[in-house]
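What the coordinates show
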Amino acid sequence: DTAVSQTPKYLVTQMGNDKSIKCEQNLGHDTMYWYKQDSKKFLKIMFSYNNKELIINETVPNRFSPKSPDKAHLNLHINSLELGDSAVYFCASSQARVGENEQYFGPGTRLTVT
Amino acid sequence: ILNVEQSPQSLHVQEGDSTNFTCSFPSSNFYALHWYRWETAKSPEALFVMTLNGDEKKKGRISATLNTKEGYSYLYIKGSQPEDSATYLCAYSNTGNQFYFGTGTSLTVIP
């Protein structure tokens, strides 16, 4: 059983489009996260949700919006995609509050904007 | 944005050598320090989570220490093996729910 899953694994789209990346965890964790991996392989946190409440909202453009229909899902919606949005996006989850326990990562979604 | 720095940036060692890396983080409002191992084409996997000053944790040949007063953590690998080749990330969280990864140390173990 996959603990943290993301779909799609690869996403190629054109500038200006709107797209969503889905994330699901079956670990019963309370907190979920979205990260962007930049060209230098640096993981930058974008959002985290704890029991459906936004805990961290880093300085990301408001074109990015997290949506959590329930505790097991945290989807990432991106409006008006730009070339600079091309990156690998990782979803993760952990038990309890942010930083308290180890995070489990999904396989990543490689987004390419042309 | 808080500074979480790792050194060295990259490291090449011979199989059998022992090695260590450093993670530096803000000492104020400390909550927890994480270490992750990230192999190429895979996702990061947790090694340790430490919360108390003086904590030492060990998993096989890998161990870590924590000094929250001075804001650093060391990761040690004893008798490096080629399968240890990966990027090692530390991550810092504080009492304000902020969480940041360091830039990582890339380890290559030469057979």
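To be clear, the structure that these remarks concern was listed above.
First, a word on what this report is: a plain description of the structure on this page.

This part takes up the packing of aromatic side chains. Each aromatic ring pair is summarised here by two numbers: the centre-to-centre distance and the angle between the ring planes. Evaluation of the coordinates by the stated rule reveals 17 aromatic pairs over all chains. Ring geometry for Phe90(A) versus Trp38(B): centroids 5.7 Å apart, planes at 85°, classification edge-to-face. With Phe90(A) in strand 9 (residues 87-94) and Trp38(B) in strand 4 (residues 30-38), this pair bridges two chains. Neither residue differs from the other here; Phe90(A) and Trp38(B) are each classed as buried. One aromatic cluster in this structure is built from Tyr33(A), Tyr35(A), Phe90(A), Phe105(A), Tyr36(B), Trp38(B), Phe99(B) and Phe101(B).

The next subject is unusual backbone geometry. Residue Thr7(A) is joined to Pro8(A) through a cis peptide bond whose omega torsion reads -5°. By the element assignment, Pro8(A) lies in the loop between strand 1 (4-7) and strand 2 (10-13). The residue after Ser7(B), namely Pro8(B), is reached through a cis peptide bond having omega -5°. In this structure, Pro8(B) sits in the loop between strand 1 (5-7) and strand 2 (10-14).

Quick look at the pairing of strand 2 of chain B now. All names here are of chain B. Side-chain alternation along strand 2 places Leu11 and Val13 on a buried face and Ser10, His12 and Gln14 on a face that remains uncovered. Inspection of the sheet shows strand 2 paired to strand 11 (residues 105-110) by 5 bridges, in the parallel sense. Within strand 11, the position partnered with His12 by the bridge is Thr108.

All names here are of chain B. Judged from the 4 bridges that link them, strand 6 (residues 56-59) and strand 7 (residues 62-67) form a sheet pairing that is antiparallel. Bridge pairing links Lys57 to Ala64 in strand 7. Counted between consecutive antiparallel strands, the loop separating strand 6 from strand 7 contains 2 residues, among which Gly60 sits at a positive phi close to 65°. The pairing of strand 7 with strand 8 (residues 72-77) spans 6 bridges and is classified as antiparallel. Of the residues in strand 8, the one forming a bridge with Ile62 is Ile77. Where strand 7 folds back on strand 8, the antiparallel hairpin that results is connected by 4 residues, among which Gly71 adopts a positive phi of roughly 75°.

Each partner contributes to the interface: chain B provides 23 residues, whereas chain A provides 21 residues. Taken together, the links from chain B to chain A amount to 0 salt bridges. On the surface where chain B and chain A come into contact, there are 6 residue pairs in polar contact (both at pLDDT 80 or more). Taken together, the elements giving at least two residues each to the side of chain B that touches chain A come down to strand 4, strand 5 (45-50), strand 9 (86-94) and strand 10 (99-101) of chain B. With 5 residues, the top contributor of residues to the side of chain B that touches chain A is strand 4 of chain B. A per-class count over the side of chain B that touches chain A returns 11 nonpolar, 11 polar and 1 charged.

About the criteria used
Residues numbered from 1 in each chain as written. Chains lettered and ligands numbered in written order. Predicted model: local features only at pLDDT ≥ 70, side-chain atom pairs only at ≥ 80, totals over all residues. Heavy atoms only, no water. Phe/Tyr/Trp six-rings, centres within 6.5 Å; stacked < 30°, edge-to-face > 60°. Helix = DSSP H or I, 4+ residues; strand = E, 2+ residues; numbered from the N terminus. Buried < 20%, exposed > 50% of the residue type's maximum accessible area, 1.4 Å probe, protein only. Pairing = 2+ DSSP bridges. Contact = heavy atoms within 4.5 Å. Salt bridge = Lys/Arg side-chain N within 4 Å of Asp/Glu carboxyl O. Polar contact = N/O pair within 3.5 Å; in protein donor to acceptor, adjacent residues only side chain to side chain. Nonpolar A, V, L, I, M, F, W, Y, C, P; charged D, E, K, R; others polar.

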